[in-house]
Amino acid sequence: MELALRKQKILAAVIERYIATGEPIGSKSLQSADGLEVSSATIRNELADLTAKGFLIQPHTSAGRVPTEYGYRYYVDNLMKRKEPDERTRRYIENKLMTANDAPEHIIRAAGELASELLSTAALATTPTGDDARVHRIKFVQTGRHTSMVVLITSSGMVKSRLFRCDYAITTEMLNVFDRSLNEQLAGQRLSYVNRPFAQTFAASFGELGLLMPDMLTAVMDACREALGMNVYVSGSTKLLYQSDFSLATARGVLEFLGDTNARDNYLKSLPEGVSVYIGKENSPVLLRRSAVVAARYMIENQPAGAIAVIGSLRLDYSTAVPTLEYIAKVVGELIGELISTKQ
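Reading the values: rules and limits
Residues numbered from 1 in each chain as written. Predicted model: local features only at pLDDT ≥ 70, side-chain atom pairs only at ≥ 80, totals over all residues. Heavy atoms only, no water. Buried < 20%, exposed > 50% of the residue type's maximum accessible area, 1.4 Å probe, protein only. Helix = DSSP H or I, 4+ residues; strand = E, 2+ residues; numbered from the N terminus. Arc of directions from axis to C-beta. Contact = heavy atoms within 4.5 Å. Polar contact = N/O pair within 3.5 Å; in protein donor to acceptor, adjacent residues only side chain to side chain. Phe/Tyr/Trp six-rings, centres within 6.5 Å; stacked < 30°, edge-to-face > 60°. Lys NZ or Arg CZ within 6 Å of the ring centre and 35° of its normal. Core = buried A, V, L, I, M, F, W, Y, C linked by side-chain atoms within 4.5 Å. Disulfide = S-S within 2.5 Å. Axes fitted to C-alpha atoms, helices over the stretch in contact; angles between N-to-C directions. Parallel < 35°, antiparallel > 145°, perpendicular 65-115°, else oblique. Left-handed = near helix turned anticlockwise from the far one by under 90°. Nonpolar A, V, L, I, M, F, W, Y, C, P; charged D, E, K, R; others polar. Pairing = 2+ DSSP bridges.

Participant: Give a description of helix α8 (residues 196-204) that names residues and reports values.
Facilitator: Along α8, the positions that sit buried rather than exposed are F198, A199, F202 and A203. Projection of α8 onto a plane perpendicular to its axis shows the buried side chains occupying an angular sector of 125°, all on one side. Away from the buried face of α8 by more than 90 degrees, exposed residues Q200, T201 and A204 are located. Those residues of α8 that are buried lie in contact with α7 (172-186) and α9 (214-227). Between the side-chain oxygen of the N-cap and the backbone nitrogen of F198 there are 3.1 Å, and the N-cap of α8 in question is N195.

Structure, rendered in structure tokens:
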């Protein structure tokens, strides 16, 4: 539904003031709004019309108006003015994430903590799923006469390691053979390709030398299997209990959702590329249908990877949340991309 310019200004003013105060907005408080040089009676008429059209509701006869889910959606899609992070905030985000850039998982966990801190609500951050990930590099590190460690680096920047032990003495020359032959076979292959049939075929191709490989290949398969999963880091969940417009039942429902790993992970995996905003009943999980979710997927080497998301009340400050998460996701993708390039 298209709204006339004056109605758009009034709707935006109501939503922005309600987000800021949490109090129903009346006609008198709107007379000071920028660009509304009209009488209180005119504003009352416009408020009544916006209410009749479903953008606003009036909790009580004598009360002001508050936005409906429909009103919030129209605002986000058509009226919202993005509040881009200022230079100080951008530097703060970059510095916080840079201090965690020794491993992708640490960067992602720090990103979730940042989102919760900056937006004062619960946040989730996910590692990339392994569904589309590929083997980027396999390395071997000798740790003892009979022990070694296989280190798997995936195309999404995840690093997984597994120790293995052999009955025979491991030599540098032997590890070099493992390293060269496995990388020739697996570089660029999907993680799911590294399964038992592959291991059996690979070992058989080396004849008698293949008898020395079972422990090593089992460690490689275990590392790939672990990398196929997705880790989710939850931050600031207790902040939900202190949001004034969140009932205890709603907060409990969100906390229950956060604890249901299957429902939570499936929801996060379904998020589209870029930035997405889900308001109330737009959320597929029933437990989130009185909440708002803003999420941003980060990219690694131009491929969509994991997501950074916040969950809050319908009064979430969308104009700040959208560009803030977008910037955090951008820095996360860049830092993980740099880590991958240093692990060639």
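Participant: Which residues make up the packing of aromatic side chains, and what values do they have?
Facilitator: Centre distance and the angle of the planes are the two values used to describe a pair of aromatic rings. For the coordinates displayed, the defined rule picks out ten aromatic pairs. Plain terms: the ring middles of F140 and F178 are 6.0 Å apart, the flat faces sit at 55° to each other, and that makes the pair tilted. In this pair, F140 sits in strand β4 (residues 135-142) while F178 sits in helix α7, placing the two residues 38 residues apart along the sequence. In this structure, F140 and F178 share a single accessibility class: buried. Three or more aromatic residues joined by ring pairs make a cluster, and in this case those are Y193, F198, F202 and F206. Across from the ring centre of Y18, 5.8 Å away, lies the NZ or CZ of R315, which sits over that ring.

Participant: Describe the nonpolar core, and please don't skip the residues or the numbers.
Facilitator: Grouped together as the largest cluster of nonpolar side chains are 62 residues, with contacts concentrated most on L11, L97, V294, Y298, Y318 and V332. When residues in this core are grouped by element, the largest group, 13 residues, is from helix α12 (residues 318-342). In this view, Y318 contacts I19, Y72, V76, M80, V277, I279, A292, V294, S313 and P323; residues no more than four positions away in its chain are not counted.

Participant: Which residues make up the state of the cysteines, and what are the values?
Facilitator: Under the criterion given, the structure shown has zero disulfides. Of all cysteine sulfurs, the one in C224 lies closest to C166, which takes part in no disulfide; the gap is 17 Å. According to the relative accessible area criterion, C166 is buried, its value standing at 2%.

Participant: So, the packing of helix α1 (residues 5-21) against helix α4 (residues 69-79): which residues are in play, and what are the values?
Facilitator: Interhelical geometry of α1 versus α4 gives an angle of 110° and a closest axis separation of 10 Å. In this view, α1 runs roughly perpendicular relative to α4, as classed from their interaxial angle. With respect to the hand of their crossing, α1 and α4 are arranged in left-handed fashion. Of the residues in α4, those in contact with Q8, L11, A12, I15, E16, Y18 and I19 of α1 are G71, Y72, Y74, Y75 and L79. Its residues assigned to classes, the contact of α1 with α4 shows nine nonpolar, two polar and one charged.

Participant: Can you explain the sheet that holds strand β9 (residues 292-300)? Please cite residues and give values.
Facilitator: The strand order across the open sheet built from five strands is β7-β3-β10-β9-β8, with neighbouring strands paired in antiparallel fashion. Sheet topology places β7 (232-235) and β8 (275-279) at the edges, where each strand pairs with a single neighbour. Each strand axis lies, on average, 15° off the axis of its neighbour in the sheet, ignoring direction. Summarising the sheet, strand β3 (residues 122-126) and β7 pair through four bridges and their orientation is antiparallel. Across the sheet, residue A125 finds its bridge partner in β7, namely Y233. Together, β3, β7, β8 and β9 form the strand contacts of helix α11 (residues 261-269), whose direction differs from that of β7 by roughly 105°.

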